[in-house]
Amino acid sequence: MNGILIIAHSPLAQALLDCVLHVFPDSAQGVRALDVPAKEAPEETLLRARQLANDWNVEAILILSDVFGATPCNVAQQLNDGVHTRLVAGVNLPMLLRSVCYRHESLEALVARAQSGGTQGIMSVGSTAPQNQTGKKHGPSHHDHQQ
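Residues numbered from 1 in each chain as written. Predicted model: local features only at pLDDT ≥ 70, side-chain atom pairs only at ≥ 80, totals over all residues. Heavy atoms only, no water.

Undergrad: Account for the overall build of the protein chain, with residues named and values stated.
TA: Across its full length, the protein chain carries 5 helices and 4 strands. When its helices and strands are written in sequence order, the protein chain yields β-α-β-α-β-α-β-α-α. Classification of the 147 residues of the protein chain by burial places 36% in the buried group. The contacts in the protein chain between residues at least 6 apart in sequence include a share of 65% that link residues at least 24 apart. Put simply, the protein chain shows about 9,000 Å² of open surface, and 52% of that area lies on carbon and sulfur atoms. (Helix = DSSP H or I, 4+ residues; strand = E, 2+ residues; numbered from the N terminus. Buried < 20%, exposed > 50% of the residue type's maximum accessible area, 1.4 Å probe, protein only. Contact = heavy atoms within 4.5 Å. Areas by Shrake-Rupley, 256 points an atom, 1.4 Å probe, with all protein chains shown as cover.)

Structure below.
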């Protein structure tokens, strides 16, 4: 089974892990989070990331980071070997939930699932507020009263 390591700006990594455990409480052994504090040296973050990854009995690790080019992703890139680990930047909750559901698949397939979950989880949603719904048009003297 693959592990999923979230490396993100503090407190996002832990918050995403908390959300996953809310939905999938049995996945605690398969997902880990590394929050990157604002003033921590990248070398220290990399050391903590390596400790998390090395002290884990999983086949491979999908690393999810928040922002490409930022410190958490730069650290994740140094941790990523492209064989036993793969990195996807731009983590969001739909991506993470999809990844947890398919941890048993190959690492390559898991990367594809993560990317599709992330992009398919982004959509424009119309407002359902009464004032934004289309319906019967009234004359200029008619007023809708809302609270």
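Picking up where we left off.
Undergrad: Residue-level account of the packing of helix 4 (residues 93-101) against helix 5 (residues 107-120), with values.
TA: Two elements in contact, helix 4 and helix 5, have axes separated by 7 Å at closest approach and are oriented at 145 degrees. Seen along the crossing, helix 4 lies across helix 5 with a hand that is right-handed. Along the contact surface, helix 4 presents Pro94, Met95, Arg98 and Ser99, while helix 5 presents Leu110, Arg113, Ala114, Ser116, Gly117, Gly118 and Gln120. Of the residues contributing to the contact of helix 4 with helix 5, the split by class is 4 nonpolar, 5 polar and 2 charged. (Axes fitted to C-alpha atoms, helices over the stretch in contact; angles between N-to-C directions. Left-handed = near helix turned anticlockwise from the far one by under 90°. Nonpolar A, V, L, I, M, F, W, Y, C, P; charged D, E, K, R; others polar.)

Undergrad: Account for the pattern of salt bridges, naming residues and giving values.
TA: Overall, the coordinates contain 3 salt bridges when judged by the stated rule. Note that Arg86 and Glu108 form a salt bridge whose closest N and O atoms lie 2.5 Å from each other. In this pair, Arg86 is assigned in strand 4 (residues 85-89) and Glu108 in helix 5, connecting sequence segments 22 residues apart. Put simply, Glu105 and Arg113 hold a salt bridge, and the shortest N to O gap is 2.9 Å. (Salt bridge = Lys/Arg side-chain N within 4 Å of Asp/Glu carboxyl O.)

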